[in-house]
Amino acid sequence: MIPGDGIGIEVTEATEPLLIELAAAHDVEIETTWFDWGSERYLEEGALMPDDGLETLKEFDAILLGAVGHPDVPDHVTLRNLRLPITKGFNQHICKRPSYLFDGVESPLRGYEGGDIDLVVYRQNTEGEYADVGGREHQGFGNEVAVQSAVYTREGTEAIVRAAFEAATERSGKLTNITKSNAQAYGMVFWDEIVEEVSEEYPDITVERLLVDAGSMDFVRRPNEFDVVVASNLFGDILTDIGGIISGSLGMAPSTNINPSGEFPSMFEPVHGSAFDIMGEGIANPVGMLLSMSLMFEHLEEDDLAETLWDGVGAQLADSDAPRTPDIGGSATTLDVVGDLEERLLE
Ligand code: ATP
Ligand code: MG
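Note that the coordinates shown come from a computational prediction; the quantities given were computed from them, not determined experimentally.

Basis of the calculations
Residues numbered from 1 in each chain as written. Chains lettered and ligands numbered in written order. Predicted model: local features only at pLDDT ≥ 70, side-chain atom pairs only at ≥ 80, totals over all residues. Helix = DSSP H or I, 4+ residues; strand = E, 2+ residues; numbered from the N terminus. Rg over C-alpha atoms; globule rule 2.2 N^0.38 Å. Buried ≥ 20, exposed ≤ 12 C-beta atoms within 10 Å, placed from the backbone. Contact = placed C-beta atoms within 7 Å. Expected span 1.5 Å × (residues − 1). Core = buried A, V, L, I, M, F, W, Y, C linked by C-beta atoms within 7 Å. Domains from an automatic or database assignment. Arc of directions from axis to C-beta. Near = placed C-beta within 6 Å. Nonpolar A, V, L, I, M, F, W, Y, C, P; charged D, E, K, R; others polar. Pairing = 2+ DSSP bridges. Axes fitted to C-alpha atoms, helices over the stretch in contact; angles between N-to-C directions. Parallel < 35°, antiparallel > 145°, perpendicular 65-115°, else oblique. Left-handed = near helix turned anticlockwise from the far one by under 90°.

Asker: An account of the overall build of the protein chain is needed here, citing residue identities and associated values.
Answerer: Along its length, the protein chain carries 11 helices and nine strands. In terms of overall size, the protein chain behaves like a compact globule, its C-alpha atoms giving a radius of gyration of 20 Å where 347 residues would be expected to give roughly 20 Å. The principal-axis extent of the C-alpha atoms belonging to the protein chain is close to 55 × 50 × 40 Å. Out of the 347 residues belonging to the protein chain, those deemed buried represent 45%. By sequence separation, contacts in the protein chain at least 24 residues apart represent 75% of the contacts at least 6 residues apart.

Asker: Kindly report on helix α10 (residues 303–318), identifying the contributing residues and their values.
Answerer: Think of an α-helix as 3.6 residues a turn; residues three or four steps apart then line up on the same face. Helix length check: α10 (16 residues) gives 22 Å between terminal C-alpha atoms against 22 Å at 1.5 Å per residue, within 8%. Check the buried side of α10 and you find it contacts α1 (6–25), α9 (287–299) and α11 (334–346).

Asker: Pulling in residues and values, what's your account of the nonpolar core?
Answerer: Core analysis: the largest hydrophobic core is formed by 82 residues, its most contacted members being Y122, A164, V228, V229, V230 and M293. Among the domains, domain 1 (1–95 + 255–347) and domain 2 (118–246) are the pair contributing at least three residues each to this core. Contacts of V230, omitting those with residues within four sequence positions, involve Y122, I160, V161, A164, L175 and N177.

Asker: If you had to explain the environment of E40 to someone new, which residues and values would you point to?
Answerer: Inspection of the secondary structure assignment puts E40 in helix α2 (residues 39–45). Sequence spacing of E40 and V73 is 33 residues, and the spatial spacing of their C-alpha atoms is 9.3 Å.

Asker: Report on helix α7 (residues 212–221), specifying residues and quantitative values.
Answerer: Among all positions in α7, only V212, G215 and F219 are buried. Relative to the axis of α7, the buried residues are bounded by an arc of 50 degrees and lie together on one face. Every exposed residue of α7 that faces more than 90 degrees away from the buried side is listed here: D213 and A214. Buried residues along α7 sit in contact with β5 (174–179), β6 (206–211) and α8 (233–246).

Asker: I'd like to hear about the site of ligand 1, residue by residue, with values.
Answerer: Taken together, 17 residues form the shell around ligand 1, and within it G251, H272, G273, A275 and N285 come nearest. In terms of residue class, the shell around ligand 1 is built from six nonpolar, eight polar and three charged.

Asker: How would you explain the pairing of strand β9 (residues 266–270) if you had to name every residue and give the values?
Answerer: Among the five residues that make up β9, five are buried, leaving the element largely enclosed by the rest of the structure. The side-chain alternation of β9 yields two buried faces, one formed by S266, F268 and P270 and the other by M267 and E269. Relative to β9, strand β2 (residues 62–67) runs parallel, the two being bridged by three bridges. Bridge assignment links A62 to a residue of β9, and that residue is S266. Here strand β8 (residues 254–258) pairs with β9 via four bridges, running antiparallel.

Asker: Account for the packing of α9 against α10, naming residues and giving values.
Answerer: Close contact between α9 and α10 brings their axes to 7 Å; oriented N to C, the two are set at 160 degrees. If you check the angle between α9 and α10, you find them roughly antiparallel. The hand of the α9/α10 crossing is left-handed. When α9 is examined against α10, the residues V287, L290, L291, M293, S294, F297 and E298 are found in contact with a partner set consisting of D303, L305, A306, L309, W310 and V313.

Okay, structure coming up:
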């Protein structure tokens, strides 16, 4: 457990007891270890996590991260000191983010034809536009020019593409590949070639190609037509924020960082950030964390637990009398929501 900063700490602390009790009720024993790695540690000791952080984490089956980010620490510092070392160090090439509009949740697209949302984005998680090529990308030329590179390796691209094809096989058989190959004529064309190659192994999957400008538009205009979407690091980042907001609230979106080989632990976290604007009020929506825990169970092949938790959250959201946090139109606290879910699932 790495609760991190701000409401990351609140949603992690509020949900962990339920995680353990629910697992116990299914005869699964969960042992958690807490790490106070985050921005407070950075402000005191100059690093978000210790030098041997990865060595320590290696021993675990899974990592749950709350959120990192602090008003007094630049975002690129938090990112480069905690999330990136973990996602890169553990080859977590795959970021899987479902967007699902639950019954009983308001969305800007609710009631709109085409506004039913049940899609999953497979975002490349270790390279692409966010690749670090040894600091060279920061070099300016007399302060007049900055160059930023993007890196697409066969390993990193194939991992995400393959995972997306696998998901499409288990879902509706349709995969949308979202790129910008007309403007980024090297990396994205290489990406498209790999999609083409891998598609030969999946003759039953229909592959649709969209440019990211059109794809973003369609995420709002006709999200019901998407099922599995595969995209690069940057585009996946943007598309999943759209996916988050059209399915209710950023506070409800779950995320996973998967190491496909299983050699290293995978990491699960809500999409939302540390949200210092609401920190300390006890009103952070715990749903993003709860759904991330469900995806963790799925990854650990505890499908019963994964389903029970996901469906429990769904039933709670569908019940207009159930407590809900202010971001989705209620007035309940984080603990009210978790307490109510606990009653539903354990009593
Ligand atoms: P980051 O720097 O990672 O973008 P952030 O602190 O800006 O993080 P976001 O996750 O981008 O936070 O969230 C934007 C706003 O949405 C927050 O300021 C907050 O008001 C709201 N929000 C986000 N997550 C939640 C949540 N779990 N519950 C309630 N409101 C949330
Ligand atoms: Mg933000």
